[in-house]
Amino acid sequence: MDVAIVGVGLHPFGRYEGKSALQMGADAVREALADAGADWRDVQCAFAGSMEITNPEAIVGLLGLTGIPAHAVLNGCATGNTSLTMAAQSIASGEHDLAIAIGLDKHPRGAFAADPSVSGLPGWYGEAGMFLTTHFFGMKITRYMHDHGVSAATLAKVAAKNFRNGAANPRAWRRKPISEAEILGSTVVNHPLTQFMYCSPDEGAAAVLLCRADQAHKYTDKPVYLRASALRSRRLGAFELLSPSLPLESVPSPTVDASRAAYEQAGIGPEDVHVAQLQDTDAGSEVIHMAENGFCKDGEQEVWLAEGRTEIGGLLPVNTDGGLIANGEPVGASGLRQIYEIVTQLRGRAGARQVLGNPKVGYAHLYGAPGTAAVAILST
Amino acid sequence: MSKQIPLAPGLFTWPSDEPALLGGRCGSCGYVAFPFREHCLACGLPEMAEVELPRRGRLWTFTTQQFRPPAPPYAGADTVESFVPYGVGYIELPQACKVESRLTVSDPAQLSIGQEMELAIVPFGVTSDGQPTVTFAFRPV
């Protein structure tokens, strides 16, 4: 059974004092339903993802108590993809005709401050000041720049592009362009990454309504089909977050594994993708993920960024809505924001940031602690 | 010196004139990990034996920590005002593994991939009953 996306909704990411994550989630769901001309009572099951809210499925209490199976989902930064995949599987299996994936979150300001035990790590690791996910991003791009000749100027170009795309997106959190010089000159957080090269945790929600492909035209004249979805955890030897030690021999990141699996499922290759969302926890991550997802070879990012190939008018526009850098990362919702943007682009509804040439294939990639990656491929 | 206690037991030999990190080596497949763990991540068998890791290695990659981490869990004796940035990196220890560690220097100009590094035990914090603690770090040779 093929699965179509027939409605998308977003509660813009940002800071909303006095508004709960569940309320933001309900707004996103209502928008997705309105987009498809569907009613909440038509929805046959729900998958709601959140990191901060332990029972996001309680959202049914704001939408209507229809008795449907409602599930809570949490899978770190890949939560949005997992919610989407589980909703899609509930349709592909024939169990349901119409399902919804929901993401909602509300993080406190500043760096995540958890106890190392939540990641199975000893207490001393946190006491010594090592339990910071941002260290990994600084260390991975330091090694990558050394091995593949990527410059700090290229990192600044990535961040500047995402702020520029955010400025063209009326629903982005950061809507002010920031120059490459200002990005390079901002406070260093973890060498070589500066404050304006990192995304921040924030608040927001997104929702994606899915149905059996043969019923899609009941809801929309522009369905978008989920062609592939793959999730992978780290293999021994992958250089990943929060690893007190690693073997001497390295293996590729789970992003490489998830990407290859998704291309195989979809029966397409990276050259067929027209628009991509790549996890940009920081500018270095976007650079690395361009290669790990097969779009360029290691080191080619220098020329790609210099020539503007990932700009909205370029060969492969990346993070057209500003990505995490301009939208922040409410962990449970972030992956569904990516799907919202890809669907918006494939339907030609992206306004000032619309990718030209009638894009037909979109790619969404997530990556996060403790070494989890997910890829979804969508097409018209 | 003898009053200083390690941040956690079992991390490194202490007190010692030539301290070494304490890892585990699998008796079945030879996989090495730090800190010591009972089950091998490579083959899954509970055959890890405690070993002293090499004291010297090469810097594999690095970054810096420019602001005081959220506390807890961070337990340094410093304050937001007195905090001094520190380096963090992975050291490739020959025939063993790569170990993630604090570095004694945080100036990127003094760090480069491939440079030789050596284990150092450095003052760190204070226990709840007032005893000074030490932790491990690597310093350029």
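You'll find the structure just up there.
So, here's what we can say about the structure. This is a predicted model, so every value here is computed, not measured.

### Notes on the overall build of chain B
Working step 1: Regarding its fold elements, chain B presents 0 helices and 9 strands.
Working step 2: For chain B, the N- to C-terminal ordering of α and β elements is β-β-β-β-β-β-β-β-β.
Working step 3: The C-alpha radius of gyration computed for chain B amounts to 16 Å, which stays within 12% of the reference 14 Å derived for 141 residues, consistent with globular compactness.
Working step 4: Considering only C-alpha atoms, chain B reaches an extent of 50 × 40 × 30 Å along its principal axes.
Working step 5: With 141 residues in all, chain B has 49% of them scored as buried.
Working step 6: Intrachain contacts of chain B at a sequence separation of at least 6 include 50% that bridge at least 24 residues.
Working step 7: About 6,600 Å² of surface is accessible on chain B, with carbon and sulfur atoms providing 51% of the total.
Working step 8: Of note, chain B has its 10 positive side-chain charges centred 3 Å away from the centre of its 14 negative side-chain charges.

### Comments concerning the overall build of chain A
Working step 1: The secondary structure content of chain A amounts to 12 helices and 12 strands.
Working step 2: Over its C-alpha atoms chain A spans a radius of gyration of 19 Å, differing by no more than 12% from the 21 Å that the globule rule assigns to 380 residues.
Working step 3: Along the first, second and third principal axes, the C-alpha set of chain A runs to 55 × 50 × 40 Å.
Working step 4: The buried share among the 380 residues of chain A stands at 62%.
Working step 5: Considering only contacts in chain A between residues 6 or more positions apart, those separated by 24 or more positions represent 75%.
Working step 6: Entry remark: accessible area of chain A is about 13,200 Å², with carbon and sulfur atoms responsible for 51%.
Working step 7: Separation between the mean location of the 30 positive side-chain charges and that of the 39 negative ones in chain A comes to 4 Å.

### Section: empty space enclosed by the protein
Once rolled over the atoms, a probe with the size of a water molecule shows which space is left empty.
All names here are of chain A.
Working step 1: Applying the stated criterion across every chain, the model contains 4 cavities of 30 Å³ or more.
Working step 2: Surrounding the second largest cavity, F136, F137, K140, I141, D282, G284, S285, I288, H289 and Y367 form its lining.
Working step 3: Breaking the lining of the second largest cavity down by element, the ones donating at least two residues are α5 (133-148) and α9 (283-292).
Working step 4: Split into classes, the residues belonging to the lining of the second largest cavity amount to 5 nonpolar, 3 polar and 2 charged.

### A look at the nonpolar core
Working step 1: Judged by nonpolar contacts, the single largest core of 90 residues is most densely connected at F295(A), Y363(A), L21(B), L53(B) and F136(B).
Working step 2: Setting aside its immediate chain neighbours within four residues, L21(B) contacts L11(B), F12(B), F34(B), V51(B), E52(B), L53(B), V99(B), L119(B), F136(B) and F138(B).
Working step 3: Among the nonpolar cores identified, the runner-up in size contains 32 residues, and A4(A), A36(A), I68(A) and L104(A) belong to it.

### Overview of the interface of chain A and chain B
Working step 1: Taken together, the 35 residues of chain A in the interface contact 43 residues of chain B.
Working step 2: Carbon and sulfur atoms supply 66% of the area that chain A and chain B bury against each other, a total of about 3,200 Å² over both sides.
Working step 3: When the area that chain A buries against chain B is broken down by residue, the three leading residues are W124(A), M139(A) and L248(A), summing to 21%.
Working step 4: For the pair chain A and chain B, the interface holds 0 salt bridges.
Working step 5: Here chain A is connected to chain B by 21 residue pairs in polar contact (both at pLDDT 80 or more).
Working step 6: Elements with a minimum of two residues in the side of chain A that touches chain B: α4 (123-127), α5, β5 (188-190) and β9 (245-246) of chain A.
Working step 7: Looking at which element gives the most residues to the side of chain A that touches chain B, the answer is α5(A), with 7 residues.
Working step 8: The pairing of β9(A) with strand β7 (residues 98-103) of chain B spans 2 bridges and is antiparallel. Within β7(B), the position partnered with S245(A) by the bridge is V99(B).

### Observations regarding the sheet that holds strand β2 (residues 22-26) of chain B
Residues and elements named next belong to chain B.
Working step 1: Strand order in this open sheet of 3 strands is β3-β2-β4, and the pairing throughout is antiparallel. Each edge of the open sheet carries a strand with a single partner, namely β3 (32-33) and β4 (48-52).
Working step 2: Pairing of β2 with β3, which is carried by 2 bridges, proceeds in the antiparallel orientation. Counterpart to G24 in the pairing with β3 is A33.

### Topic: helix α8 (residues 254-266) of chain A
All names here are of chain A.
Working step 1: Relative to the 18 Å expected for 13 residues at 1.5 Å per residue, α8 spans 18 Å between its end C-alpha atoms, a close match to the ideal helical length.
Working step 2: When we look at burial in α8, the residues that qualify are P254, T255, V256, D257, A258, S259, A261, A262 and Y263.
Working step 3: If you follow the buried residues of α8, they end up packed against β8 (224-233), α9, β11 (361-368) and β12 (372-379).
Working step 4: Two or three places before T255, at the start of α8, stands the capping residue S253, its side-chain oxygen 2.9 Å from that residue's backbone nitrogen.
Working step 5: Phi turns positive, to about 70°, at G267, one or two residues after α8.

### Re the pattern of salt bridges
Working step 1: The final tally for this structure, using the stated rule, is 24 salt bridges over all chains.
Working step 2: Through salt bridges with shared partners, a single network forms among R55(B), R56(B), E116(B), E118(B) and R139(B).

### As for the packing of helix α6 (residues 152-167) of chain A against α9(A)
All names here are of chain A.
Working step 1: Two numbers describe how α6 lies on α9: the axes approach to 8 Å, and their chain directions differ by 100°. By the angle between their axes, α6 is roughly perpendicular relative to α9. Where α6 approaches α9, its residues T154, L155, V158, A159, K161 and N162 are matched on the opposing element by A283, G284, E286 and V287.
Working step 2: Its residues assigned to classes, the contact of α6 with α9 shows 5 nonpolar, 3 polar and 2 charged.

### Quick notes on α9(A)
Residue and element names in this part refer to chain A.
Working step 1: Among the 10 residues that make up α9, 10 are buried, leaving the element largely enclosed by the rest of the structure.
Working step 2: Within the sequence span of α9, burial applies to A283, G284, S285, E286, V287, I288, H289, M290, A291 and E292.
Working step 3: Where α9 starts, the residue carrying a side-chain oxygen 2.8 Å from the main-chain nitrogen of G284 turns out to be D282.
Working step 4: Count one or two residues on from α9 and you reach G294, which has phi positive near 85°.

Conventions and cut-offs
- Residues numbered from 1 in each chain as written.
- Chains lettered and ligands numbered in written order.
- Predicted model: local features only at pLDDT ≥ 70, side-chain atom pairs only at ≥ 80, totals over all residues.
- Heavy atoms only, no water.
- Helix = DSSP H or I, 4+ residues; strand = E, 2+ residues; numbered from the N terminus.
- Rg over C-alpha atoms; globule rule 2.2 N^0.38 Å.
- Buried < 20%, exposed > 50% of the residue type's maximum accessible area, 1.4 Å probe, protein only.
- Contact = heavy atoms within 4.5 Å.
- Areas by Shrake-Rupley, 256 points an atom, 1.4 Å probe, with all protein chains shown as cover.
- Lys, Arg positive; Asp, Glu negative; His and termini not counted.
- Charge placed at Lys NZ, Arg CZ, Asp CG, Glu CD.
- 1 Å grid on protein atoms, 1.4 Å probe; cavity = no way out; pocket = protein on both sides within 12 Å on 5 of 7 lines; lining within 4 Å.
- Points joined across faces, edges and corners; volume = space filled by probe spheres on them.
- Nonpolar A, V, L, I, M, F, W, Y, C, P; charged D, E, K, R; others polar.
- Core = buried A, V, L, I, M, F, W, Y, C linked by side-chain atoms within 4.5 Å.
- Buried area = accessible area lost by both parts, 1.4 Å probe.
- Salt bridge = Lys/Arg side-chain N within 4 Å of Asp/Glu carboxyl O.
- Polar contact = N/O pair within 3.5 Å; in protein donor to acceptor, adjacent residues only side chain to side chain.
- Pairing = 2+ DSSP bridges.
- Expected span 1.5 Å × (residues − 1).
- Axes fitted to C-alpha atoms, helices over the stretch in contact; angles between N-to-C directions.
- Parallel < 35°, antiparallel > 145°, perpendicular 65-115°, else oblique.

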